[in-house]
Protein chains: 2
Amino acid sequence: MTQRPAVLIMQRHLAPLTGFLEGSHDVYRFWEGPPIEAAHDIRAIVVAGEFELDKALIESLPNLVHVACFTAGYDRIDVDWCRARGLVVTHAPGVNHEDVADHAIGLIIGSRRGLVSGDRMLRAGGWKPETRVLTPSLNGQKIGIVGLGGIGEAVARRAEVMRMAVSWWGPRDKPSPWPRAESLEALAKDSDILVVCCRVDETNVGLISKEVIEALGPQGLLVNVSRGQIVDEPALIAALKAGTLGAAALDVFTVEPADPADWADVPNTVLTPHTGGATNESVQGMLMLLMRNLAAVLGGEAPVTPVRD
Amino acid sequence: MTQRPAVLIMQRHLAPLTGFLEGSHDVYRFWEGPPIEAAHDIRAIVVAGEFELDKALIESLPNLVHVACFTAGYDRIDVDWCRARGLVVTHAPGVNHEDVADHAIGLIIGSRRGLVSGDRMLRAGGWKPETRVLTPSLNGQKIGIVGLGGIGEAVARRAEVMRMAVSWWGPRDKPSPWPRAESLEALAKDSDILVVCCRVDETNVGLISKEVIEALGPQGLLVNVSRGQIVDEPALIAALKAGTLGAAALDVFTVEPADPADWADVPNTVLTPHTGGATNESVQGMLMLLMRNLAAVLGGEAPVTPVRD
């Protein structure tokens, strides 16, 4: 092994981390095909938690000790499998939930108040003297939060000041200022706007099912700032086309990058490229946690922010 | 005169009012060329306050008593001239300021967090695996409110819960929880985001001047939900092109409908077709005030919501 610990960055969009890491690490980048002789050096892999682990690759790295998620989410990381192999898994919690909540509010206004379609219409020359676009006020709209964690609570606080009526559902009850619905379907049925804020894991893939989507109904707006897999995307697209769901505003998709062809003829959508938490400031916070976790784990100490469950 | 009072709707986009008015009025529509013999019947004209009054027309209506602005704003109405002719001028205050504030927040997120450009980029196929768009967090952004009236206060309350630091400027000091800057230029200089929320009148046309725009600077975002005339639009466009202003998010324009050609090559803009206050609920509230004002004034009673100054 070299003096400096070697790390392997797995996903291409994490390439900008290189500059920060190479001050104290030898940095390899997976998509560039690291040299075979590096396999023995690599002590940590740096990943985005929404991507599946390459287990065969991990098995080929005999000195790997650390799977470092740059992200808060680690939904595609098989944590049990990593633990069974003695690998420490860390992530970056609590850094970007308020930014994600801001983005969720932007998606709500962008869709409900016709802001994104208005920009498009104006640029296409569709604004005429006789045009009068009316949209529903947010005042008194019932907003249902799916998953009252850090993001969900931050969305709820913003929604309240915008005069929306907040309720929520999550599998476990918890103390909160807002009422918990007795089921997800009841929440959807009683909401004008449903905002998916929960963490995804193997238990809740497809949680936002055809039934939940139809309970939200033809006037309803579905917002997703969590993970694409939590929504039954074919059912969502079918419901939007059939008008059994009113609108959707999505920052996340089953497959990312999303294929625009899938959405070209789907009405009443606002679509953003998974930027909810991607602020300069949150990335800086995530970077700091990444560096601290790498230093701790590769230095033989306890990780700063290990995954919890 | 007929039994039912006659009213004349001036602007084409107000045509949907016809159905509500004709239950108790004879309704004429200016753009359809009302018959000459109607001139003696017309007791009220219904207008949008952002349009100049047709004074020659008014002088041709001998029994006119009421200029009824459907809108909250009455900036293009020459109130003194109307009063000198014995005409009562009414408007619809306090109905839609919270909706306008919601829209202003949508413009801030839509621009600052790249929501509108993100939607456009995704649909154009620009989201690639290596794409990582980073935007500034709203956390700690300094937001300057120009005009702390109903809209300005509602924007300030929303901005606070989104972790922005609020200050404001208006020509008159007033008690508020937020600090007042010593001048508009000082506010612009100290702000990341400047939101124009004030009423426009003859004293503040062009208030957001080249100097104010440049004080806001290359990282700054200008948001306007007030009236187009309050901003020096040629200076704004020049500053955006030169990069001396960072971005602009506008719901209002000097001439409306805005000509998209004017904005086609202006970078970093979000543009909406004056929909800030145009919600179903606010229009309903404005309609109610219009009907009550017409009933009062045409019945010889005091107006419910006369213009104040």
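Because the structure is a prediction, the values reported are computed rather than measured. (Residues numbered from 1 in each chain as written. Chains lettered and ligands numbered in written order. Predicted model: local features only at pLDDT ≥ 70, side-chain atom pairs only at ≥ 80, totals over all residues.)

Asker: Whenever I open this one, the environment of Asn139 of chain B confuses me. Can you help?
Answerer: Looking at where Asn139 of chain B falls in the secondary structure, it is placed in the loop between α5 (115-123) and β6 (142-146). For the pair Asn139 of chain B and Asp259 of chain B, spaced 120 residues apart in sequence, the C-alpha separation works out to 34 Å. Each residue touching Asn139 of chain B, except ones within four places of it in the same chain, is listed here: Glu98 and Glu281 of chain A together with Arg163 of chain B. (Helix = DSSP H or I, 4+ residues; strand = E, 2+ residues; numbered from the N terminus. Contact = placed C-beta atoms within 7 Å.)

Asker: What is the right way to look at the domain arrangement of chain A in this model?
Answerer: Note: interface size is frequently given as the accessible area lost on complex formation between the parts. All names here are of chain A. For chain A, the assigned domains are domain 1 (6-95 + 280-298) and domain 2 (97-271). Put simply, the middle of domain 1 and the middle of domain 2, counted by C-alpha atoms, are 32 Å apart. Opposite the five residues of domain 1 that make contact, domain 2 presents seven residues. Per-class residue counts for the side of domain 1 that touches domain 2 are no nonpolar, three polar and two charged. (Domains from an automatic or database assignment. Nonpolar A, V, L, I, M, F, W, Y, C, P; charged D, E, K, R; others polar.)

Asker: Would you mind going over the interface of chain B and chain A with me for this structure?
Answerer: Listed as interface residues are 53 residues of chain B and, on the opposing side, 53 residues of chain A. Sorting elements by how many residues they give to the side of chain B that touches chain A places helix α4 (residues 97-112) of chain B first, with eight residues. For the side of chain B that touches chain A, the class distribution of residues is 23 nonpolar, 16 polar and 14 charged.

Asker: Any chance you could explain unusual backbone geometry here in plain terms?
Answerer: The phi torsion of most residues other than glycine is negative, and most of the peptide bonds are trans. Residue Pro257 of chain A is bonded to the preceding Glu256 of chain A through a cis peptide linkage, with omega at -5 degrees. Tracing the sequence through the fold places Pro257 of chain A in the loop between β10 (247-250) and α10 (260-263). Positioned with a positive phi, Arg163 of chain B is a non-glycine residue whose angle comes to about 75 degrees. Here Arg163 of chain B shows up in the loop between α6 (150-161) and β7 (165-169). Phi at His274 of chain B takes a positive value of approximately 50 degrees, unusual for a residue other than glycine. By secondary structure assignment, the location of His274 of chain B is in the loop between β11 (269-271) and α11 (280-298).

Asker: Quick question: what am I supposed to make of the pairing of strand β9 (residues 221-224) of chain B here?
Answerer: The side chains of a regular strand alternate between both faces of the sheet. All names here are of chain B. Residues Leu221 and Val223 point to one face of β9 and Leu222 and Asn224 to the other, with burial holding for every one of them. Of the strand pairs in this sheet, strand β8 (residues 193-196) and β9 are connected by four bridges, and their pairing is parallel. Its bridge partner lying in β9, Val195 is registered against Val223. In the sheet, β9 pairs with strand β10 (residues 247-250) via four bridges, with the strands oriented parallel. The residue bridging Val223 from the neighbouring strand is Ala249, located in β10. Where the polypeptide runs from β9 across helix α9 (residues 233-242) and back to β10, its parallel neighbour, the crossover connection is right-handed. (Buried ≥ 20, exposed ≤ 12 C-beta atoms within 10 Å, placed from the backbone. Pairing = 2+ DSSP bridges. Right-handed = clockwise from strand over helix to strand, strands pointing away.)

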